[in-house]
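Coordinates in review
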Amino acid sequence: AWKEERYDLAERSFEQALQRLSDKSRALYLSGQLLYEQKKISEAEKRFLQLVEDYPQSSLMGETLLFLAKCSEGEKARELRRKVFELYPHTSSAA
């Protein structure tokens, strides 16, 4: 649904996954990414922040912090990017 730009269907699918999965980290990440692509920056930021707070050991942390930087501005964005390069240098987006 997402690749076909059927965002409404993709959003509903992620919402369902968030309700039934015990580890919601991947669903939170993909949902945040989808919202970001739709320019729903505030909503995307909430999803990424929830992932950071609820799943701090997630393998998606580097990518999540980079998306949070994209959702932010100024010094906050620069600090998040620095953190990714320092803590997650092997993150695909950090390379």
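All of the points below concern the structure found in this document. Given the structure is predicted, the values throughout are model-derived calculations rather than measurements.

Parameters and conventions
Residues numbered from 1 in each chain as written. Predicted model: local features only at pLDDT ≥ 70, side-chain atom pairs only at ≥ 80, totals over all residues. Heavy atoms only, no water. Helix = DSSP H or I, 4+ residues; strand = E, 2+ residues; numbered from the N terminus. Buried < 20%, exposed > 50% of the residue type's maximum accessible area, 1.4 Å probe, protein only. Contact = heavy atoms within 4.5 Å. Salt bridge = Lys/Arg side-chain N within 4 Å of Asp/Glu carboxyl O.

**Topic: the overall build of the protein**
Check the secondary structure of the protein and you find five helices and zero strands. Written out in order from the N terminus, the α and β elements of the protein read α-α-α-α-α. When each of the 95 residues of the protein is scored for burial, the buried share is 41%. Restricting to contacts in the protein with at least 6 residues of sequence separation, those with at least 24 account for 42%.

**Notes on the pattern of salt bridges**
Under the defined criterion, the tally for this structure stands at four salt bridges. Where Arg-78 meets Glu-75, a salt bridge forms, and the shortest distance between an N and an O atom there is 3.3 Å. Of this pair, Arg-78 and Glu-75 both sit in helix H5 (residues 74-87), separated by three residues, roughly a single helical turn. Residue Arg-78 is classed as partly exposed on the basis of its relative accessible area, which comes to 46%. Between Arg-82 and Glu-75 there is a salt bridge; the shortest N-O distance is 2.7 Å. In this structure Arg-82 comes out as partly exposed when scored by relative accessible area, which is 36%. On the basis of relative accessible area, Glu-75 is assigned to the partly exposed category, the value being 45%. Each of the salt bridges in this network shares a partner with another, and the network as a whole consists of Glu-75, Arg-78, Glu-79 and Arg-82.

Keep in mind that these numbers describe shape and distance, not what the molecule does.
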